[in-house]
Amino acid sequence: MPKSKRNRAVTLSKTKKKGREHKEGVVNGIREAVEKYPSVYVFGYENMRNLKFKEFRDQLKSSSRFFLGSNKVMQVALGRSAADELRPGIRKVSKLLRGDSGLLATNLPKEEVESLFREYEDYDFARTGSDATEKVELKEGPLEQFTHEMEPFLRKQGLPVRLNKGVVELISDFVVCEEGKPLSPESARILRLLGIKMATFKLHLICRWSSDDFELYKEGLDDASDIESA
């Protein structure tokens, strides 16, 4: 009996995971930066946008180095206890690398770093699964911002539309999204078409370390006292 093609094994070897060599490169890069720069910060982020972050990082490339990636790998680079920490007290930084966070090693003055992070904010279109920040509702009637060629696509997104003398027309009121509820793929596409940006890419400082000081920015840190006494 011929062998069924349905049971044929498929090899996915083309997709390579980041291996030991990559991790060692990250660890070495962090250790070199800690030795080179006088201050190290942990920062958190919301609604990460890679292109926007690259632009922010490039602004500071002459004075700073940023690291994003596995928190565990970054912790290994810094050391997680008094016995293996890279520099005295830097284990406190390691303990705060969790969730959506990264490292910044810099020679910029503290006040300048704080100002840069406090003032940075960029708006973008929300992605599927993000919570809507407001209710968006379209009212019955013509949607003149859309050309007639877009009518089939709009229908596929769930909009109750038709062509009326070459004009896209909404035949009934339609709620695109509700405040606080996750966006569906269709809602995210419609908001993009409407030019409505609901995602805010933000960066915030969590802590700062230097050879003679450690400062905790205590936003949302329930175990702050434990870290300071570590």
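Note: the structure precedes this text.
This section reports on the structure supplied with the text. In this text, all values refer to a predicted model and were calculated from it rather than measured experimentally. (Residues numbered from 1 in each chain as written. Predicted model: local features only at pLDDT ≥ 70, side-chain atom pairs only at ≥ 80, totals over all residues. Heavy atoms only, no water.)

## Side note on helix H1 (residues 20-36)
Reasoning step 1: For H1, spanning 17 residues, the distance from its first C-alpha to its last is 24 Å, which sits close to the expected 24 Å at 1.5 Å a residue.
Reasoning step 2: Within H1, the full set of buried residues consists of Val27, Gly29, Ile30, Ala33 and Val34. An end-on view of H1 places all buried positions within 160 degrees of arc, on one side of the element. Exposed and oriented more than 90 degrees from the buried face of H1 are Arg20, Glu21, Glu32 and Lys36.
Reasoning step 3: On the buried face of H1, the contacting elements are strand S1 (39-46), strand S2 (64-67), helix H3 (71-78) and strand S3 (101-106). (Helix = DSSP H or I, 4+ residues; strand = E, 2+ residues; numbered from the N terminus. Expected span 1.5 Å × (residues − 1). Buried < 20%, exposed > 50% of the residue type's maximum accessible area, 1.4 Å probe, protein only. Arc of directions from axis to C-beta. Contact = heavy atoms within 4.5 Å.)

## Some words on the nonpolar core
Reasoning step 1: In this structure, Ile30, Val40, Leu78, Val93 and Leu103 are the most contacted members of the largest nonpolar core, which totals 23 residues.
Reasoning step 2: Mapped by element, the contributors of at least two residues to this core are H1, S1, H3, S3, strand S10 (199-210) and strand S11 (213-216).
Reasoning step 3: Beyond its immediate sequence surroundings of up to four residues, Ile30 is in contact with Phe67, Met74, Ala77, Leu78 and Leu103.
Reasoning step 4: Core analysis: the next-biggest nonpolar cluster, separate from the first, contains 19 residues, Leu138, Val168, Leu170 and Val176 among them. (Core = buried A, V, L, I, M, F, W, Y, C linked by side-chain atoms within 4.5 Å.)

## With respect to the side chain of Ser101
Reasoning step 1: Structurally, the position occupied by Ser101 is in strand S3.
Reasoning step 2: Separated by 3.3 Å, the side chains of Ser101 and Asn71 make a polar contact.
Reasoning step 3: Ignoring any residue separated from it by four or fewer positions in sequence, one finds Ser101 in contact with Val42, Phe43, Gly44, Tyr45, Leu68, Asn71, Met74 and Leu96. (Polar contact = N/O pair within 3.5 Å; in protein donor to acceptor, adjacent residues only side chain to side chain.)

## As for the packing of aromatic side chains
Geometrically, a pair of aromatic rings is defined through the distance of the ring centres and the angle of the planes.
Reasoning step 1: Going through the model one piece at a time under the given rule, you end up with 8 aromatic pairs.
Reasoning step 2: Both rings, one in Phe43 and one in Phe117, keep their centres 5.8 Å apart while their planes meet at 50 degrees; by these two values the pair is tilted. Of this pair, Phe43 sits in strand S1 while Phe117 sits in helix H5 (residues 110-119), placing them 74 residues apart in sequence. Phe117 carries the same exposure label as Phe43, and that label is buried.
Reasoning step 3: Pairing Phe53 with Phe66 gives two aromatic rings, centres 5.5 Å apart and planes at 85 degrees, and the pair type is edge-to-face. Here the residue Phe53 occupies a position in helix H2 (residues 50-59), and Phe66 occupies one in strand S2, the gap between them amounting to 13 residues.
Reasoning step 4: Ring pairs connect the aromatic residues Phe43, Phe53, Phe56, Phe66, Phe117, Tyr120 and Phe201, which therefore count as one cluster.
Reasoning step 5: Between the NZ or CZ atom of Lys197 and the centre of the ring of Phe125, over which it lies, the distance is 5.5 Å. (Phe/Tyr/Trp six-rings, centres within 6.5 Å; stacked < 30°, edge-to-face > 60°. Lys NZ or Arg CZ within 6 Å of the ring centre and 35° of its normal.)

## Digging into the sheet that holds strand S6 (residues 141-142)
Reasoning step 1: Reading across from one edge, S6-S8-S7 is the order of the 3 strands in this open sheet, with antiparallel pairing throughout. Two strands lie at the open edges of the sheet, namely S6 and strand S7 (161-164), each paired on one side alone. (Pairing = 2+ DSSP bridges.)

## Quick word on the pattern of salt bridges
Reasoning step 1: Counting across every chain of the model gives 14 salt bridges.
Reasoning step 2: Across the salt bridge formed by Glu137 and Lys139, the nearest N and O atoms sit 3.7 Å from each other.
Reasoning step 3: Relative accessible area serves as the criterion here: at 34%, Glu137 is assigned to the partly exposed category.
Reasoning step 4: Judged by relative accessible area, which is 53%, Lys139 ranks as exposed.
Reasoning step 5: A single network of salt bridges, built from pairs that share partners, joins Lys110, Arg208, Asp213 and Glu215. (Salt bridge = Lys/Arg side-chain N within 4 Å of Asp/Glu carboxyl O.)

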